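So you can see what is in the structure, the chains are spelled out below.
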Amino acid sequence: MIQKIFDQVGSTDQLPAVTLWFSDVLDMVAKYWLVPTIILVALTVWLILYIRTPRGKFRFHNFKYRMPLFGKLIYAIDFSRFTQAVLMNIKNGQRIQDALETSKNVVHNLVMLSIVESAINNILIGRSWIEPFEKSGLSTPMITEMLKIGMQSDIQDMMEKLLEYMQIDIDNIIQKIMKALPQIVYSIVGVMLIFLTVVVLVPMIQVYMGSWMFSAYGF
């Protein structure tokens with residue numbers, strides 16, 4: 001509407017390019033809103049169906065562990081729950097192999113389950129069951145080193161200490177997330193305010209100041 005006023009009075013002033021671009025985008029959305037809606041619905045349905053497949057479910061679970069900000073927390077909670085189950089079974093007199101086999105029932109993430117299965121297979125062929133957790137890159141070096149020391153000394157005592165360490169680690173991760181979330185929100189709001197200023201407020205200020213009238217009269 002402001003650009004039409006400029007054109008009607010013969011002004012050479014132009015609205016900011018980003019304002020004109022955003023206006024064209026809104027016109028396109030208003031005219032062809034059904035197309036992006038159908039595409040969005042189709043992508044959502046495809047994603048849901050893909051996640052239900054074994055391959056899609058595995059990739060989704062892997063993403064949950066490696067996603068920014070929340071990935072480490074999700075893995076730490078799952079690994080802590082698994083370690084608690086293993087420790088309880090060891091206290092009940094089970095061997096480490098049997099404890100791992102029984103404790104895998106508490107695992108719901110396919111990535112974690114595959115690591116546990118690899119750990120059990122390593123025991124059967126005479127290799128370290130800690131190796132799959134180490135190679136996955138998900139467990140911190142401190143966790144794997146504590147497990148290695150536990151296997152050489154007292155695994156039950158070391159697992160109890162490991163659980164205490166992991167609880168501290170989980171608390172630290174949560175604190176980092178709580179500190180990072182406001183910064184992310186502030187960044188999003190800041191970008192929106194800058195966009196609003198350039199797209200909406202600049203043209204309004206341009207009209208309010210009336211500088212376009214000078215160009216309309218040849219000044």
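Regarding the nonpolar core
F79, M112, W129, F133, L147 and M159 are the most contacted members of the largest nonpolar core, which has 29 residues in total. One finds L73, I170, I173 and I177 within the second-largest nonpolar core, a separate group that totals five residues.

A few points about the packing of helix α4 (residues 54-66) against helix α5 (residues 71-91)
Following both chains from N to C, one finds α4 and α5 inclined at 105°, their axes separated by 5 Å at the closest point. It follows from the interaxial angle that α4 and α5 lie roughly perpendicular. Residues K64, Y65 and R66 of α4 form the contact with α5, whose own contacting residues are G71, K72, I74, Y75 and D78. In terms of residue class, the contact of α4 with α5 is made up of three nonpolar, one polar and four charged.

Focus: the packing of α5 against helix α6 (residues 96-103)
At a minimum axis separation of 9 Å, α5 and α6 run at an interaxial angle of 135°. As the angle between them shows, α5 and α6 are arranged oblique. In this structure, the crossing between α5 and α6 has a hand that is right-handed. Contacts between α5 and α6 involve F82, A85, V86, N89 and I90 from the first element and I96, A99, L100, T102 and S103 from the second. Taken together, the residues of the contact of α5 with α6 sort by class into seven nonpolar, three polar and no charged.

What about a nonpolar patch on the surface?
Where nonpolar side chains cluster on the molecular surface, the patch consists of V185, Y186, V189, L193, L196, V200, L201, M204 and I205 and spans about 830 Å² of accessible area. Summarising the element assignment, V189 is placed in helix α10 (residues 155-209).

So, α6
Given 3.6 residues per helical turn, the α-helix brings residues three or four places apart onto the same face. Of the positions making up α6, those classed as buried are A99, L100 and S103. Projected down its long axis, α6 carries its buried residues within an arc of 100°, all on one side. Residues of α6 that are buried in the fold lie against α5 and α7 (110-124).

Overview of the pattern of salt bridges
Where charged atoms from two side chains of opposite charge come close, those side chains can pair. Taken as a whole and assessed by the stated rule, the structure comprises 10 salt bridges. A salt bridge links R95 to D98; the nearest nitrogen and oxygen atoms lie 3.3 Å apart. For R95, a relative accessible area of 55% puts it in the exposed group. Residue E131 is joined to R127 by a salt bridge in which the shortest nitrogen-to-oxygen separation is 2.6 Å. E131 sits in the buried class, given a relative accessible area of 18%.

Focus on the side chain of T19
Here T19 is to be found in helix α2 (residues 17-31). T19 gets classed as buried once you look at its relative accessible area, which sits at 11%.

A short note on the environment of W129
Relative to the assigned elements, W129 resides in the loop between α7 and α8 (131-136). Along the primary structure W129 and I5 are separated by 124 residues, whereas in three dimensions their C-alpha atoms are 75 Å apart. Apart from the residues within four sequence positions on either side, W129 is in contact with I96, L100, A119, N122, I123, L147, M151, I155 and M159.

The rules behind each value
- Residues numbered from 1 in each chain as written.
- Predicted model: local features only at pLDDT ≥ 70, side-chain atom pairs only at ≥ 80, totals over all residues.
- Heavy atoms only, no water.
- Core = buried A, V, L, I, M, F, W, Y, C linked by side-chain atoms within 4.5 Å.
- Buried < 20%, exposed > 50% of the residue type's maximum accessible area, 1.4 Å probe, protein only.
- Axes fitted to C-alpha atoms, helices over the stretch in contact; angles between N-to-C directions.
- Helix = DSSP H or I, 4+ residues; strand = E, 2+ residues; numbered from the N terminus.
- Parallel < 35°, antiparallel > 145°, perpendicular 65-115°, else oblique.
- Contact = heavy atoms within 4.5 Å.
- Nonpolar A, V, L, I, M, F, W, Y, C, P; charged D, E, K, R; others polar.
- Left-handed = near helix turned anticlockwise from the far one by under 90°.
- Patch = residues over 30% accessible without salt bridge, like charges linked within 9 Å, V, L, I, M, F, W, Y side chains within 5 Å.
- Areas by Shrake-Rupley, 256 points an atom, 1.4 Å probe, with all protein chains shown as cover.
- Salt bridge = Lys/Arg side-chain N within 4 Å of Asp/Glu carboxyl O.
- Arc of directions from axis to C-beta.

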